[in-house]
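Survey of secondary and tertiary structure
Chain by chain, the residues run as shown.
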Number of protein chains: 2
Amino acid sequence: MGGNVLSEAQRDKSVPVSGLVSRQVVLRSRPDGKVTESCFEFREVPIAGPADGEVLVRNLWLSIDPSVRVRLGADPVPGYLPPFAIGDSLIGLAIGEILESRSPQFAVGDIVTHIHGYRDLAVIATEGATLAGVGALTKVDASVHPPETYLGVLGSSGLTAYVGLLEVATLADGDDVWVSAAAGAVGSIAAQMAKARGHRVIGSAGSDAKVAYLLERLKLDGAFDYHTDDLLGALEEHAPGGIDVYFDNVGGRQLEAAISHLKPHGRVALSGAVSEYDTVETAYGPRNMFQVVSKSLTLRGFRSGAYNHLWDAMREELGGYLRDGRLHFEQTVFEGLEDAPSAVVAMLNGRNYGKTLCRV
Amino acid sequence: MGGNVLSEAQRDKSVPVSGLVSRQVVLRSRPDGKVTESCFEFREVPIAGPADGEVLVRNLWLSIDPSVRVRLGADPVPGYLPPFAIGDSLIGLAIGEILESRSPQFAVGDIVTHIHGYRDLAVIATEGATLAGVGALTKVDASVHPPETYLGVLGSSGLTAYVGLLEVATLADGDDVWVSAAAGAVGSIAAQMAKARGHRVIGSAGSDAKVAYLLERLKLDGAFDYHTDDLLGALEEHAPGGIDVYFDNVGGRQLEAAISHLKPHGRVALSGAVSEYDTVETAYGPRNMFQVVSKSLTLRGFRSGAYNHLWDAMREELGGYLRDGRLHFEQTVFEGLEDAPSAVVAMLNGRNYGKTLCRV
């Protein structure tokens, strides 16, 4: 680890590099309903070493995010990158170590986050070849927190939680907060961050065990299983006076229940709609949108990539909670690139606590 | 008109005032589906003359607003005043002339807007007895514009249009705008105001004649009948590049179409949901809420009553357009208090152009 594994000859991109092979997760077939492991296969891709302005990265951890599901379907989703083609290698957030650098900005041994996940080795251009913001090739300081933290609580999950609460939902003193998918990567951070700031926070999740986790480990003020037939009853029980802020990670019926249970001038930060990602059913439309008018509610969708100016502020606040032990952060880890497809399937089926990661 | 019609004896509230009678529209039965004239009846209510701090007002014009429908049903709507009880006299915005004043703030002959509509005579307390903001007893200058203007373009309709575009949808240079119910009281102002500010504006309405009106009289850049089976096709035809702002007066399927046709970072000002007011059908829920996330959209409901600090700014801008002839303002007038129920029914069935009024 950390050594220069390429010969001078291998550095010449015009010559195929014998022996330098990137193993990648490829879309084999589109899901017919729910995603299964058989939707994926592996491919060995011979790659050239880095040219000028490029680095060679060995991935250490892959971030397994719900949003990957959006690109597995055949239909483009407005605002998202287009669907993967059959036979495409997947991409996603990852953290790795630089094995070779032909850029003055990066040195061998640097730990970097980037968007070239779902593979073990990647050659990455240091400028211009990155997705907006969140996926940019970025050096992180792995001496204070373990590297995988920069995919989770101090990474895009943390930024999404931070931005959703403060910038999108404009969290204010005294607000009562509901977070859905509160045992998940983003939800668990958002819920604990709101708690740390002194708010009353309730959470929903998909099993009795997760509800217990929310109450006992995350110390939320109330929690319930979203499978209940009576979401409004559960909300009324756990947040009797209504809620001011709903941090939505799931959409569908929970969003509808939130609209009914929000107080006047309530705000919803819509971070995702995982209830709609992995299904062939028609998405559920909230039937109480008139309450958005009658109660002067604000519903605001967002992508953390638009808030790159807040990375430092987020890491200062959440890093502080981590050091103080006020932020409990769970990771569901799958071992080896071979298990990345299983990680995707498990995450989409809610079998994760906190951040789902694949250790390469 | 303008004289003092009460004797000294009649001013003593402890003595029933013979001959001073307010004729009022009363809720006779709740609508079973659509509202009909038979839901209402009339009642003669003997009233005492004004006590200290009160004024006696003879109504000149009644504002017939869609929101009255919300209070005719049995179920309370969160954020709204509670349903009228069977046998209650309706209230609503109105403009009238002060016949007698026992308040130093108001003089006989003053023209005032207030919330005591659906009747001919009203005794109104000058302080503390008004609804928030929009319905407050307020003197207007009827020397420049006719008095009924203060129920429409320079009244709550104008404030709703102004606030919705500028404060809620944060209209910005270059934004392309869609207004639904664009031939209606609020929509026709919002559409023309956006045009006057240099935006490309399209509108939807419920008949061929209204579509022609939008194009020929309001000079919109495109217009279509919302009854089409292909709302998205109509939007694509009239706003090929997408829209930045949707001013929503109707909710339902048009809101869903807007969510699909909005560009990234688009904004929706939700001013009403008339498609859901006068029906027994379950409200339609937009099934594409995930696009609120993927395109970072903002959907914001509002009530103009929260923006009373903008009355002067609104009247300056819209009053200027009126004087310049740049704002065409239609009124659908029903004659006589007896016709107020017919006015409500016609307005809810879309048989109006612009503001629906009842001349008392």
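Residues numbered from 1 in each chain as written. Chains lettered and ligands numbered in written order. Predicted model: local features only at pLDDT ≥ 70, side-chain atom pairs only at ≥ 80, totals over all residues. Heavy atoms only, no water.

**Focus on the confidence of the model for chain A**
Residue and element names in this part refer to chain A. This is how the line gets drawn: By definition, pLDDT measures how confident the predictor is in each residue, and it falls between 0 and 100. Only heavy atoms matter for contacts: two residues are in contact if any of them lie within 4.5 Å across the pair.
On average, residues of chain A score 91 in pLDDT, and 92% of them reach the 70 mark or higher. Low pLDDT, under 50, characterises residues 1-17; the stretch is placed with 32 contacts to residues that sit more than four places away or in other chains. Taken over the whole predicted complex, pTM reads 0.90, whereas the ipTM for its chain interfaces reads 0.90.

**Side note on the nonpolar core**
Heads up, the condition is: Think of a nonpolar core as a cluster: buried Ala, Val, Leu, Ile, Met, Phe, Trp, Tyr and Cys residues, connected wherever their side-chain atoms sit within 4.5 Å. Partly exposed residues are those whose accessible area sits between 20% and 50% of the maximum for their type, while under 20% is buried and over 50% is exposed, using a 1.4 Å probe and protein chains only.
Core analysis: the biggest nonpolar cluster contains 56 residues, and L299(A) and L299(B) have the highest contact counts within it. Apart from the residues lying within four places of it in its own chain, the contact partners of L299(B) are M289(A), L297(A), T298(A), L299(A), I259(B), V268(B), L270(B), M289(B) and V292(B).

**Structural notes on the relation of the copies chain B and chain A**
This is how it is decided: A least-squares superposition brings the copies together, and it is based on the C-alpha atoms of residues with pLDDT no lower than 70 in both.
Superposition record for chain B on chain A: RMSD 0.0 Å, screw rotation 180 degrees, translation along axis 0.0 Å. Each copy turns onto its partner about a two-fold axis. Relative to the rotation axis, the C-alpha of G285(B) is the closest in chain B, positioned 2.0 Å from it. Most of the interface of chain B is mirrored in chain A, where 100% of its interface residues again form contacts.

**Digging into the sheet that holds strand β11 (residues 243-248) of chain A**
Defined as follows: Strand pairing is assigned whenever DSSP identifies at least 2 bridges connecting the two strands. Segments assigned H or I by DSSP are reported as helices when at least four residues long, segments assigned E as strands when at least two residues long, and all are numbered from the N terminus. The convention used is that axes are lines fitted to C-alpha atoms, helices contributing only their stretch in contact, and that angles between N-to-C directions extend from 0 to 180 degrees.
Spatially, the 12 strands line up as an open sheet ordered β10(A)-β9(A)-β8(A)-β11(A)-β12(A)-β13(A)-β13(B)-β12(B)-β11(B)-β8(B)-β9(B)-β10(B), and their pairing is mixed. Edge positions in the sheet fall to β10 (222-225) of chain A together with β10 (222-225) of chain B, since each has one partner strand and no second. Neighbouring strand axes in the sheet, compared pairwise and without regard to direction, differ in orientation by 15 degrees on average. Where strand β13 (residues 298-301) of chain A lies against strand β13 (residues 298-301) of chain B, three bridges are found, and the strand directions are antiparallel. Considered in β13(B), the bridge of R300(A) is made with T298(B). Contacting β9 (200-205) and β10 of chain A, helix α3 (residues 208-216) of chain A crosses the sheet at an angle of about 170 degrees to β10(A). Against the sheet, helix α5 (residues 252-261) of chain A contacts β8 (176-179), β9, β11, β12 (262-270) and β13 of chain A, and its axis sits at roughly 150 degrees relative to β12(A).

**Focus: the interface of chain B and chain A**
Condition: Summed over both partners, the accessible area (1.4 Å probe) lost when two parts come together is defined as the buried area. We count a salt bridge whenever a side-chain nitrogen from Lys or Arg sits within 4 Å of a carboxyl oxygen from Asp or Glu. For this analysis, a polar contact is any N or O atom pair within 3.5 Å, provided that within protein one partner can donate a hydrogen and the other can accept it, and provided that sequence-adjacent residues contribute only side-chain to side-chain pairs. Polar here means any residue outside two lists: the nonpolar Ala, Val, Leu, Ile, Met, Phe, Trp, Tyr, Cys and Pro, and the charged Asp, Glu, Lys and Arg; Gly therefore counts as polar.
Taken residue by residue, the interface counts 33 residues in chain B and 33 residues in chain A. Both sides together, the interface formed by chain B and chain A hides about 2,700 Å², and carbon and sulfur atoms give 67% of it. Sorting the residues of chain B by area buried against chain A places R287(B), F290(B) and V293(B) first, and these three jointly supply 24% of that buried surface. Counting the contacts that link chain B with chain A gives zero salt bridges. For the pair chain B and chain A, the number of links is nine residue pairs in polar contact (both at pLDDT 80 or more). Mapped by element, the contributors of at least two residues to the side of chain B that touches chain A are α6 (274-277), α7 (290-294) and β13 of chain B. Of the residues in the side of chain B that touches chain A, the class split is 18 nonpolar, 10 polar and five charged.

**Regarding the pattern of salt bridges**
A full pass over the atoms with the stated rule returns 26 salt bridges over all chains. When the shortest N-O distance is used, the salt bridge between D244(B) and K263(B) registers 3.1 Å. One end of the pair, D244(B), is in strand β11 (residues 243-248); the other, K263(B), is in strand β12 (residues 262-270), with 19 residues separating them in the sequence. On the basis of relative accessibility, which here comes to 12%, the residue D244(B) falls in the buried class. Across the salt bridge formed by R326(B) and D324(B), the nearest N and O atoms sit 3.9 Å from each other. The class of R326(B) is partly exposed, set by a relative accessible area of 43%. One connected set of salt bridges, linked through shared partners, spans R23(A), E44(A) and E338(A).

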